[in-house]
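Descriptive analysis of the structure
Single-letter residue listing:
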2 protein chains.
Amino acid sequence: MKFDIVIVIVYLRHMIQVILLGSGNVATHLFQAFSKVDEIEVVQVFSRTVSNDFPETLQTSDYSKIKVADVYIICVSDSAISSVSSLLQFENRLVVHTSGSSDLNVLDSKNNKGVFYPLQTFTKNKAVDFSEIPICLEAENVSDYTVLEKVAKSISKNTHAITGEQRKALHVAAVFVCNFTNHLYQIGNEICWKNSIPFEILQPLIKETAEKLQSLSPSKAQTGPAVRNDQKTIEKHIDFLTNENQKEIYKILTKSIQNGEKL
Amino acid sequence: MKFDIVIVIVYLRHMIQVILLGSGNVATHLFQAFSKVDEIEVVQVFSRTVSNDFPETLQTSDYSKIKVADVYIICVSDSAISSVSSLLQFENRLVVHTSGSSDLNVLDSKNNKGVFYPLQTFTKNKAVDFSEIPICLEAENVSDYTVLEKVAKSISKNTHAITGEQRKALHVAAVFVCNFTNHLYQIGNEICWKNSIPFEILQPLIKETAEKLQSLSPSKAQTGPAVRNDQKTIEKHIDFLTNENQKEIYKILTKSIQNGEKL
């Protein structure tokens, strides 16, 4: 009698299957980030029109053809989240949005709701390193939160449980430190341009102003004529500015620094 | 007969001798930068009171004891530049100030005037890498400019001939991109603090907003509800803010983004 011993090893790795709904900046950057990791498989991208940013074979524009997946991530403009979630033709699955300013409850109640909010500024054709991006998570129940956390941790070292109220606060704070800051850069650019100075000359200052925060609080890092109460320089600057809008911004921010709370 | 051949090589390296007048942030950072390079010797620091930031043996507070040097760099507050330069008891030497907003001619005419303006935000106890800092130079004559350029190039790769008018423009632009930007960071910090969110969560966004400028102009990098004309989100944000000052800043910067010139 002879025995043949056959050992079969079955290795099962659970990949989380994700479907992205939307084809804008957030969807594109998430797709690129998920494509680089083993834990996530993007099985489909729902997009109203065919987009060059995703493989054509993955795309659909038909709600009835949306596949089964573990997580559906809606990456559309805030005003469209509600209608996209209502048009989904399935129930009791995990559907999340990526909006900083929208409530969990804008999502249709037929599915389990959640939020997957990457706190970053995404620009087309500008790669970002997702590993440092804070991802703010919210879910209605613990098991959904666990799934969202796995998805987030697959691409970022920086994940946080954030309530709806906190997320709204963060979104407002992000407008100040990102959108408004960039607008101040633009004003700096305009002033340089009008005086034949290359804008690049301001870049080391811009970089240092941002990097300082790694070792100092903003109130400790504050420099300039406003915090010194150097009224003579402030008046010279206001006289120098010819653009009324820039003058107004100069005055209100100077006043705010001078009266500001100190944290 | 016998010849002894003796060859003596005399190697003369001209070190530029510098005297710093002032003991604040700019003087301290310049002293540290000059101390690291062979081309510059700081022979004296003039300071009204003894400062721990410089070797005691180098310090004097007596105008009559100021030594002979190639360049005198006045690093005092804008309002004191004129009087310090008038109190100097010598003539026809090169005396420069480090102010972005002061004219060359605030310096006393008994000496040769110049400007040595490092475009950076200096904070006590926060080291800066001088090699990237733009140094904006101005002088009354070519030979003085050449000396200033040598001094500047000894510590920075980034030196520029900048007229008085351009320097004033740069100083105003710097207030927008540095001082005002830092104040927006502080508002972000306050919003986080009031909502029990760690400010660190905003840091990757702050960093990316600054770094984006290396590949995009500020107008191309602009994101957020204002540039999207997303009035619904803008109203939600204004409602969310309880601080009247923050509300006012939000409104004026949003309006400015919406009406802004595009460079």
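Residues numbered from 1 in each chain as written. Chains lettered and ligands numbered in written order. Predicted model: local features only at pLDDT ≥ 70, side-chain atom pairs only at ≥ 80, totals over all residues. Heavy atoms only, no water.

Observations regarding the relation of the copies chain A and chain B
- Take chain A, turn it by 180°, move it 0.0 Å along the axis, and it overlays chain B with an RMSD of 0.2 Å. Taken together, the rotation and translation relating the two chain copies correspond to the operation of a two-fold axis. Taking C-alpha positions as reference, the residue of chain A nearest the rotation axis is T181 of chain A, located at 2.7 Å.
- With an isologous cut-off of 70% or more, the 100% of interface residues of chain A that recur at the interface of chain B puts this contact in the isologous class. (Least-squares fit on C-alpha atoms with pLDDT ≥ 70 in both. Contact = heavy atoms within 4.5 Å.)

Brief notes about the side chain of T254 of chain B
- Residue position: T254 of chain B is located in helix α8 (residues 244-259).
- A relative accessible area of 5% places T254 of chain B in the buried class.
- Look past the residues within four positions of T254 of chain B in its chain and what remains in contact with it is F180 of chain A together with A226 and I234 of chain B. (Helix = DSSP H or I, 4+ residues; strand = E, 2+ residues; numbered from the N terminus. Buried < 20%, exposed > 50% of the residue type's maximum accessible area, 1.4 Å probe, protein only.)

Thoughts on the packing of helix α4 (residues 164-194) of chain A against α8 of chain B
- Two elements in contact, α4 of chain A and α8 of chain B, have axes whose closest approach is 10 Å; the angle formed by their N-to-C orientations is 45°. What the angle tells us is that α4 of chain A and α8 of chain B run oblique. When you trace α4 of chain A past α8 of chain B, the crossing you get is left-handed. Residues V175, F176, N179, F180, H183 and L184 of chain A of α4 of chain A pack against Q246, I249, Y250, L253, T254, S256 and I257 of chain B of α8 of chain B.
- Here the contact of α4 of chain A with α8 of chain B is built from residues that sort into 8 nonpolar, 5 polar and no charged. (Axes fitted to C-alpha atoms, helices over the stretch in contact; angles between N-to-C directions. Parallel < 35°, antiparallel > 145°, perpendicular 65-115°, else oblique. Left-handed = near helix turned anticlockwise from the far one by under 90°. Nonpolar A, V, L, I, M, F, W, Y, C, P; charged D, E, K, R; others polar.)

A closer look at the packing of aromatic side chains
All names here are of chain A.
- As enumerated under the stated definition, the model contains 15 aromatic pairs over all chains in all.
- Ring plane angle 45° and centroid distance 4.4 Å describe the contact between F46 and Y63, whose orientation is recorded as tilted. On the criterion of sequence distance, the pair formed by F46 in strand β2 (residues 40-46) and Y63 in the loop between β3 (59-60) and β4 (71-74) is long-range, its members being 17 residues apart. The pair F46 / Y63 is uniform in exposure class, with both members buried. (Phe/Tyr/Trp six-rings, centres within 6.5 Å; stacked < 30°, edge-to-face > 60°.)

Here we look at the sheet that holds strand β2 (residues 40-46) of chain B
Residue and element names in this part refer to chain B.
- Judged by pairing direction, the sheet is mixed, and its 8 strands sit side by side in the order β3-β2-β1-β4-β5-β6-β7-β8 without closing on themselves. The outermost strands of the open sheet, each flanked by one partner alone, are β3 (59-60) and β8 (159-161).
- Here strand β5 (residues 94-97) pairs with strand β6 (residues 112-118) via 4 bridges, running parallel. Bridge assignment links H97 to a residue of β6, and that residue is V115. (Pairing = 2+ DSSP bridges.)

Some thoughts on the state of the cysteines
- Applying the stated criterion across every chain, the model contains 0 disulfides over all chains.
- With no disulfide of its own, C192 of chain A has C136 of chain B as its nearest cysteine by sulfur position, at a separation of 9.8 Å.
- By relative accessible area, C192 of chain A is classed as buried at 1%. (Disulfide = S-S within 2.5 Å.)

Things to note about the domain arrangement of chain A
Residue and element names in this part refer to chain A.
- What the domain assignment reports for chain A is domain 1 (2-162) and domain 2 (167-259).
- Placing the centre of domain 1 and that of domain 2 at their C-alpha centroids yields a distance of 37 Å.
- Across the boundary between the two partners, domain 1 contributes 14 residues, which contact 6 residues of domain 2.
- Both faces considered, domain 1 and domain 2 share a buried interface measuring about 770 Å² in area, 62% of it formed by carbon and sulfur atoms. (Domains from an automatic or database assignment. Buried area = accessible area lost by both parts, 1.4 Å probe.)

Brief notes about the side chain of N179 of chain A
- Tracing the chain through its elements places N179 of chain A in helix α4.
- Beyond its immediate stretch of four places on either side in the chain, N179 of chain A contacts A174 of chain A together with Q222, T223, G224, P225 and I257 of chain B.

Re the pattern of salt bridges
- Evaluation of the coordinates by the stated rule reveals 16 salt bridges over all chains.
- One salt bridge connects K113 of chain A with E140 of chain A, and the closest N-O pair in it is separated by 3.8 Å. Note that K113 of chain A is positioned in strand β6 (residues 112-118) and E140 of chain A in the loop between β7 (135-139) and α3 (142-155), a separation of 27 residues in sequence.
- What makes E140 of chain A partly exposed here is its relative accessible area of 43%.
- One salt bridge in this structure joins K168 of chain B and E165 of chain B, with 3.5 Å as the shortest N-O distance. Within this pair, K168 of chain B and its partner E165 of chain B are both found in helix α4 (residues 164-194), separated by 3 residues, close to a single helical turn.
- E165 of chain B gets classed as partly exposed once you look at its relative accessible area, which sits at 47%.
- Where salt bridges share partners, they join D103, E165 and K168 of chain A into one cluster. (Salt bridge = Lys/Arg side-chain N within 4 Å of Asp/Glu carboxyl O.)

With respect to the sheet that holds β4 of chain A
Residue and element names in this part refer to chain A.
- Within the open sheet, the 8 strands sit side by side as β3-β2-β1-β4-β5-β6-β7-β8. Their pairing is mixed. Looking at strand neighbours, the two that pair on one side only are β3 and β8 (159-161), the edges of this open sheet.
- Pairing of β7 with β8 involves 3 bridges; the strand directions are parallel. Residue pairing for β8: L137 is matched across the bridge by A161.
- Set on the sheet, α3 makes contact with β1 (16-21), β2, β4, β5 (94-97), β6, β7 and β8; between it and β7 the angle comes to about 165°.

What to know about the environment of S61 of chain B
Residue and element names in this part refer to chain B.
- Tracing the chain through its elements places S61 in the loop between β3 and β4 (71-74).
- Distance from S61 to L21, taken between C-alpha atoms, is 9.5 Å for residues 40 residues apart in sequence.
- Residues within four places of S61 in sequence aside, it is in contact with F46, S47 and R48.

Details of the nonpolar core
- One finds F176 and L202 of chain A together with F176 and L202 of chain B to be the most contacted residues of the largest nonpolar core, which totals 76 residues.
- Leave out the neighbours within four places in its chain, and L202 of chain B touches L119, L170, A173, A174 and V177 of chain A together with G188 and C192 of chain B. (Core = buried A, V, L, I, M, F, W, Y, C linked by side-chain atoms within 4.5 Å.)

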